[in-house]
Amino acid sequence: MENTLFTVGPVQMHEDILALGGEQLPYFRTASFSAITLFCEKTIRRLANAPDGSRALFLTSSGTGAMEAAIINLLTTKDSALIVNGGSFGQRFCDICADDGIPFHALTPEPGTSPAPSGYTEDKLRDYSALLVNAHETSTGQLFDIETMGSNCRKAGCLFIVDAISSFLCDPIDMDAMGIDALIVSSQKALALPPGLSILILSRRAIERVMKNSVNSHYFGLRKYLKDAERGQTPFTPAVGILLQLERRLRRIEELGVRRLIDSSAESANRFRSMVAALPVKMFPDKPSNALSALSPTNGADAYDVFTTLAEKYGLYVTPNGGDLRRKVFRVGHMGNLTEDDYRALVKALSEVLR
Ligand SMILES: *Cc1c(COP(=O)(O)O)cnc(C)c1O
């Protein structure tokens, strides 16, 4: 039985990307590899509508590495961060700050809801050097109001650091319009590539901070990445194979247009949500991202058992939750190479499992 991934990373990859993964890798300290990296950099900045003077850096790490790199390069022990902690990824920002000695305060809405806007007004933000948020809190499926947060940050002169790992290419993200100073992206979500490459896009303001701050990390000290990026290189061996797959994927996305990709992600999410409307499940978040549907059984079924049975009996992998939501929520992704037939198969299996 072939497995199908409705997970939130890795996701189903496209055939051409899989085929590229089987090829011999080139040596990378060459002009032709630099050209590939520069193309990827320019394209990813355009897709994010990164403001003039910004730079995209490629890190060989999963997304969390880029979250930590952003924090330790942009903030010091003398700064203070406000963190939207809407679930396990917001908690990760808190844990990173705690481990790296960055003072922080967390806004902690009920899981599946957004923080009250009174918690991040211009006035409140004046007390902090940065606001940190996961645009889409992947553990609950909730999409936050990035636009308002960014606009308040701008007015308060507060740095705005956004983990868009699970919303980039699924929900509209516009660094310039949303006032984002650091945007974090990773390869294994909607980019539908293997895990291991993360991307950090820094605004001019963020770059100035990096140049000014000193960092207690050799591998993740970003000044050398900024310097090498000018000629399409990285200080250490990059994820050569994933960068080649990224180039292929970005050329395809450029053909399609990012707007169409986001629209089709919304369509896929909405179609699936109407397909399960008759089943004993309800949407968990009150403002869902297009990237996934976090569902709660309403008939007393155990969400973790739903995950196990779908995987073992049907080869269909949804994403289970951990912690307090383990028995309450499972998540169905709308990223990667999934077809209507895949969703029909999932809905049929779900209707049997939830009976
Ligand atoms: C997947 C994800 C990450 C990255 O997790 P890694 O396991 O380090 O790749 C970070 N933030 C969000 C919101 C995510 O969905």
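These numbers were taken from a predicted model, which means no experiment stands behind them. (Residues numbered from 1 in each chain as written. Predicted model: local features only at pLDDT ≥ 70, side-chain atom pairs only at ≥ 80, totals over all residues. Heavy atoms only, no water.)

*Asks:* Pulling in residues and values, what's your account of unusual backbone geometry?
*Replies:* For the peptide bond that leads from Gly9 to Pro10, omega is -5°, which places it in the cis range. Inspection of the secondary structure puts Pro10 in the loop between β1 (4-5) and α1 (15-20). Even without being a glycine, Asn49 presents a positive backbone phi close to 45°. Mapping Asn49 onto the fold places it in the loop between α2 (31-47) and β2 (55-59). Note on Asn49: relative accessible area 34%, which makes it partly exposed. In this model, Leu169 sits at a positive phi of 80°, which is unusual for a non-glycine residue. By the element assignment, Leu169 lies in the loop between β8 (159-163) and α7 (175-178). (Helix = DSSP H or I, 4+ residues; strand = E, 2+ residues; numbered from the N terminus. Buried < 20%, exposed > 50% of the residue type's maximum accessible area, 1.4 Å probe, protein only.)

*Asks:* An account of α2 is needed here, citing residue identities and associated values.
*Replies:* For α2, which comprises 17 residues, the first-to-last C-alpha distance of 24 Å matches the rise-based estimate of 24 Å (1.5 Å per residue) to within 8%. For α2, every residue scored as buried is listed here: Phe33, Ser34, Ile36, Thr37, Phe39, Cys40, Glu41, Thr43, Ile44 and Leu47. Looking at the buried side of α2, the elements it contacts are β2, β10 (198-202), α9 (222-229), α10 (240-256) and α11 (258-275). Looking at the residues trailing α2, positive phi occurs at Asn49, about 45°. (Expected span 1.5 Å × (residues − 1). Contact = heavy atoms within 4.5 Å.)

*Asks:* Would you mind going over the site of the ligand in detail, with residue names and values included?
*Replies:* Not every one of the 13 residues close to the ligand is listed here, only the nearest: Ser62, Thr64, Thr138, Asp163 and Lys189. A distance of 3.1 Å separates an oxygen atom of the ligand from a polar backbone atom of Gly63. For the ligand, the accessible surface in isolation is 380 Å², of which the surrounding protein chains cover 88%. Looking at the shell around the ligand, the element that brings in the most residues is helix α3 (residues 63-74), giving three residues. Of the residues contributing to the shell around the ligand, the split by class is three nonpolar, seven polar and three charged. (Near = heavy atom within 4 Å. Polar contact = N/O pair within 3.5 Å; in protein donor to acceptor, adjacent residues only side chain to side chain. Areas by Shrake-Rupley, 256 points an atom, 1.4 Å probe, with all protein chains shown as cover. Nonpolar A, V, L, I, M, F, W, Y, C, P; charged D, E, K, R; others polar.)

*Asks:* I'd love a proper account of the pattern of salt bridges, names of residues and values included.
*Replies:* Think of it this way: side chains of opposite charge can pair up when their charged atoms draw near. The full count for this structure, using the stated rule, is 15 salt bridges. In this structure, Arg126 engages Glu122 in a salt bridge whose closest nitrogen and oxygen atoms are separated by 2.3 Å. The class for Arg126 is partly exposed, based on a relative accessible area of 46%. The shortest N-O distance in the salt bridge between Glu340 and Arg344 comes to 3.8 Å. Here Glu340 and its partner Arg344 are both found in helix α13 (residues 340-353), four residues apart, which amounts to about one turn of the helix. Residue Arg344 is classed as partly exposed on the basis of its relative accessible area, which comes to 45%. (Salt bridge = Lys/Arg side-chain N within 4 Å of Asp/Glu carboxyl O.)

*Asks:* Mind laying out the nonpolar core, listing which residues take part and the relevant values?
*Replies:* Across soluble globular proteins, nonpolar side chains have a tendency to be buried as a group. Residues Ile146, Leu183 and Leu246 are the most contacted members of the largest nonpolar core, which totals 63 residues. In terms of residue count, α10 provides more of this core than any other element does, seven residues in total. Not counting residues up to four positions away in its chain, the partners in contact with Leu183 are Ala48, Val162, Ala164, Phe168, Ile173, Met175, Ile199, Leu200 and Ile201. Residues Ile83, Leu132, Ile207 and Leu222 belong to the second largest nonpolar core, which totals 34 residues. (Core = buried A, V, L, I, M, F, W, Y, C linked by side-chain atoms within 4.5 Å.)

*Asks:* How would you sum up the pairing of β10? Please name residues and give values.
*Replies:* For a regular strand, the rule is simple: side chains alternate between the two faces of the sheet. In terms of residue burial, β10 counts as a mostly covered element, since five of its five residues are buried. With burial as the criterion, each face of β10 is covered, one bearing Ser198, Leu200 and Leu202 and the other bearing Ile199 and Ile201. Summarising the sheet, β2 and β10 pair through five bridges and their orientation is antiparallel. Pairing of Leu57 across the sheet is with Leu200, part of β10. (Pairing = 2+ DSSP bridges.)

*Asks:* Mind laying out the sheet that holds strand β11 (residues 281-283), listing which residues take part and the relevant values?
*Replies:* Read from one edge to the other, the open sheet built from four strands follows the order β11-β12-β15-β14, with strand pairing classed as antiparallel. Strands at the two margins of the open sheet, each flanked by one partner only, are β11 and β14 (319-320). Judged from the four bridges that link them, strand β12 (residues 292-297) and strand β15 (residues 330-333) form a sheet pairing that is antiparallel. Paired with Leu295 across the two strands is Phe330, which belongs to β15. α11 rests against β11, β12 and β15 of the sheet, and its axis sits at about 20° to β12. (Axes fitted to C-alpha atoms, helices over the stretch in contact; angles between N-to-C directions.)

*Asks:* An account of the side chain of Ser296 is requested, with residue identities and associated values reported.
*Replies:* Structurally, the position occupied by Ser296 is in strand β12. Classification of Ser296 as buried rests on a relative accessible area of 7%. At 2.8 Å, the side chain of Ser296 forms a polar contact with the backbone oxygen of Lys328. The contact partners of Ser296, leaving out residues within four places of it in the chain, are Pro280, Val281, Lys282, Phe284, Lys328 and Val329.

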